[in-house]
Amino acid sequence: MRRLVILGGGTAGTIVANKLRRRLDAAQWQITVVDWDDVHAYQPGFLFVPFGTYRPDDLVKPRGRQLSRGVDLVLEGIDRIDAAANTVHLADGTARPYDYLVIATGTRPRPDQTPGMLGPQWRKSIFDFYTLDGATALAEALADFDGGRFVVHIVDMPIKCPVAPLEFAFLAEAYFRHRGIRDRVEMVYATPLPGAFTKPIASALLGSMLDDRRIAVEADFLVERIDPYRKTLVSYDEREIGFDLLVTVPLNMGADFVARSGLGDELNHVPVDKHTLQAKGHADIFVLGDANDIPTSKAGSVAHFSAEVFIANFLQLIDGRPMTGAFDGHANCFVESGDGKALLIDFNYDTEPLPGTYPIPAAGPFRLLEETRPNHWGKLAFRWLYWNALLPGRRLPLPAHLSMAGKHQPGISKE
């Protein structure tokens, strides 16, 4: 019996477990998923909780029910990996040997890493929305907010879903406008990036959207600390941004056991080959989803597309053949822009988001880098697709690799 152990039962871990359970002989392969709790959350939905679109109960289901029959679920914390001995040591003192290991434990907000963030203003005037508790608490704070300086802030990159802070700013602006208090709210978007986004064409468009909505951008803002008594963000270059209500995206870090295992970088993300997702220096360890250091978005689409490439490669590997698949960094993300509209961006390691249509050239139905209602409906519809098709490992009619069909360079004729 060969043993595949998957650490993390989130998006990437669940997809891989379910797809491989169907492909691997149950008499020859044991598949075990290890996670510390039995709660699987639809994380893209956290964005909508503060605005009342979703309730917390709409976004969580038991983790075990998302796994196929024949996949063992172990609910326990992870102490460390002994890569030399091919063993995972759990928090209860037990050990799990493996022949192959998949690390898919993601990345998570660490407000404790910024001085002052967890001080007396935490969940009073300082909130996050990358956790379900934070998003729920923020819903009450937004309902009570009647004016003042409202700041959306990112501590540092990389973060889960790098467009989510922009989405939050756009949705908050529309929310204040619909409540009739927009003229009483000064909005600031503070980012460590030189612009609104990491890619030039998308950054220019998203930056103009912030300008159109009278949201001031404080670029290259690297926060050193938060003064909770003066309610002020202080950067390393001594710039200051005061706030009445701060919505922050804390530093995102991988799991602590990664550091204890000697496998991670300074943010506890595991260095991998960006095409095969194989951990550097460890031929029997693969790292999927947000837990690795690949230079693309930490987003659900990346977990999905990279899992497709990994599974094909893994089947070749265990059959004694060379791995021929190469993940290209493909990611796509809907970007909510408020008022029932959204954009869509589609890109990879080498190609930035471009205008066009997706997934069918000319037909769409989604428009790239353009605000449309179908894009918004697509984002909302994805929640059903996530639970009923993506997690179960059903095949979706979306290519794992970026397609240039339907895309064009701005200023160049589509013909």
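Above: the structure in question.
Here the structure is a predicted model, which means the values were calculated and not measured.

### As for the overall build of the chain
Then, number 1: From N to C terminus, the chain includes 7 helices and 24 strands.
Then, number 2: Here the C-alpha radius of gyration of the chain, 22 Å, is about what a compact globule of 415 residues would show, namely 22 Å.
Then, number 3: In terms of overall dimensions, the chain has C-alpha extents of about 65 × 55 × 40 Å along its principal axes.
Then, number 4: Counting every position in the chain, which comprises 415 residues, the buried fraction comes to 56%.
Then, number 5: Restricting the contact set of the chain to residue pairs at least 6 apart, pairs at least 24 apart contribute 67%.

### Side note on the packing of aromatic side chains
Then, number 1: Inspection of the entire model under this criterion finds 21 aromatic pairs.
Then, number 2: Taken together, a centroid distance of 5.9 Å and an interplanar angle of 65° make the contact between Trp29 and Phe314 edge-to-face. Of this pair, Trp29 sits in strand β2 (residues 29-35) while Phe314 sits in helix α6 (residues 300-318), and the two are 285 residues apart along the sequence. Side by side, Trp29 and Phe314 carry an identical accessibility label, which is buried.
Then, number 3: Ring centres of Phe48 and Tyr54 lie 5.5 Å apart, and the angle between their planes is 75°; this geometry places the pair in the edge-to-face category. Accessibility classification places Phe48 together with Tyr54 in one group, the buried group.
Then, number 4: Three or more aromatic residues link up through ring pairs in this structure, and these residues are Phe51, Phe129, Tyr130, Phe145, Phe150, Phe168, Tyr175 and Phe176.
Then, number 5: In this structure, Arg213 is placed above the aromatic ring of Phe170, and the distance from its NZ or CZ to the ring centre is 4.9 Å.
Then, number 6: Over the ring of Tyr349 we find Lys274; its NZ or CZ atom is 4.7 Å from the centre of that ring.

### A closer look at the side chain of Arg182
Then, number 1: By the secondary structure assignment, Arg182 is in the loop between α3 (164-179) and β13 (185-190).
Then, number 2: The class for Arg182 is buried, based on a relative accessible area of 5%.
Then, number 3: From its side chain, Arg182 meets the backbone oxygen of Val185 in a polar contact 2.7 Å long.
Then, number 4: A distance of 2.7 Å separates a polar atom in the side chain of Arg182 from the backbone oxygen of Arg213.
Then, number 5: Dropping the residues within four chain positions of it, Arg182 is found in contact with Glu173, Phe176, Arg177, Met187, Arg213, Arg214 and Ile215.

### What about the sheet that holds β13?
Then, number 1: With parallel pairing, the 5 strands of this open sheet are ordered in space as β11-β18-β12-β13-β14. A single partner strand is all that each edge strand has here, and the edge strands are β11 (126-127) and β14 (215-218).
Then, number 2: Direction of pairing for β13 relative to β14: parallel, over a ladder of 4 bridges. Bridge pairing in β14 links Met187 to Ile215.

### Examining unusual backbone geometry
Then, number 1: For the bond running from Met157 to Pro158, omega is 5°, close enough to zero to count as cis.
Then, number 2: Mapped onto the elements of the fold, Pro158 is located in the loop between β12 (148-154) and α3.
Then, number 3: Of note, the phi angle at Leu277 is positive, near 65°, even though the residue is not glycine.
Then, number 4: Position of Leu277 among the secondary structure elements: in the loop between α5 (256-260) and β20 (285-287).
Then, number 5: A relative accessible area of 0% means that Leu277 is categorised as buried.
Then, number 6: Of note in the backbone geometry, Asp339 takes a positive phi value of approximately 60° without being a glycine.
Then, number 7: Here Asp339 is to be found in the loop between β21 (331-338) and β22 (341-347).

### What about the environment of Leu24?
Then, number 1: Structurally, Leu24 is set in the loop between α1 (11-23) and β2.
Then, number 2: For Leu24, a relative accessible area of 6% puts it in the buried group.
Then, number 3: Each C-alpha atom of the pair Leu24 and Asp212 lies 53 Å from the other, and the pair is 188 residues apart in sequence.

### What about the sheet that holds strand β15 (residues 223-227)?
Then, number 1: As summarised here, the arrangement of the 3 strands in space is β15-β16-β17, forming an open sheet in which the pairing is antiparallel. Each edge of the open sheet is held by one strand with a lone partner, namely β15 and β17 (240-242). Ignoring strand direction, the axes of neighbouring strands in this sheet form an average angle of 20°.
Then, number 2: Note: strand β16 (residues 232-235) against β17, 3 bridges, orientation antiparallel. The residue of β17 that forms the bridge with Val234 is Glu240.

### What about the nonpolar core?
Then, number 1: Counting 119 residues, the largest nonpolar core has Ile103, Phe150 and Phe168 as the members making the most contacts within it.
Then, number 2: Counting residues per element, this core draws most heavily on α6, which supplies 10 residues.
Then, number 3: Those residues in contact with Ile103, other than ones at most four positions away along the chain, are Leu7, Ile81, Phe257, Leu263, Val270, Ile285, Phe286, Val287, Leu288 and Ala291.

### A closer look at the pairing of β12
Then, number 1: By the criterion of burial, β12 is predominantly enclosed, with 5 of the 7 residues buried.
Then, number 2: Pairing of β12 with β13 involves 6 bridges; the strand directions are parallel. Directly across from His153, in β13, lies its bridge partner Ala190.
Then, number 3: Since β12 and β13 lie parallel, the crossover through α3 that links them has a hand, and here it is right-handed.

### A few points about helix α2 (residues 132-144)
Then, number 1: Taking 1.5 Å per residue as the helical rise, α2 with its 13 residues ought to reach 18 Å, and the 19 Å between its terminal C-alpha atoms agrees with that figure.
Then, number 2: Every buried residue of α2 is listed here: Leu132, Gly134, Ala135, Leu138, Ala141 and Leu142.
Then, number 3: Its buried side turned inward, α2 meets β4 (60-62), β11, β12, α3 and β18 (245-249).

What counts, and where the lines are drawn
Residues numbered from 1 in each chain as written. Predicted model: local features only at pLDDT ≥ 70, side-chain atom pairs only at ≥ 80, totals over all residues. Heavy atoms only, no water. Helix = DSSP H or I, 4+ residues; strand = E, 2+ residues; numbered from the N terminus. Rg over C-alpha atoms; globule rule 2.2 N^0.38 Å. Buried < 20%, exposed > 50% of the residue type's maximum accessible area, 1.4 Å probe, protein only. Contact = heavy atoms within 4.5 Å. Phe/Tyr/Trp six-rings, centres within 6.5 Å; stacked < 30°, edge-to-face > 60°. Lys NZ or Arg CZ within 6 Å of the ring centre and 35° of its normal. Polar contact = N/O pair within 3.5 Å; in protein donor to acceptor, adjacent residues only side chain to side chain. Pairing = 2+ DSSP bridges. Axes fitted to C-alpha atoms, helices over the stretch in contact; angles between N-to-C directions. Core = buried A, V, L, I, M, F, W, Y, C linked by side-chain atoms within 4.5 Å. Right-handed = clockwise from strand over helix to strand, strands pointing away. Expected span 1.5 Å × (residues − 1).

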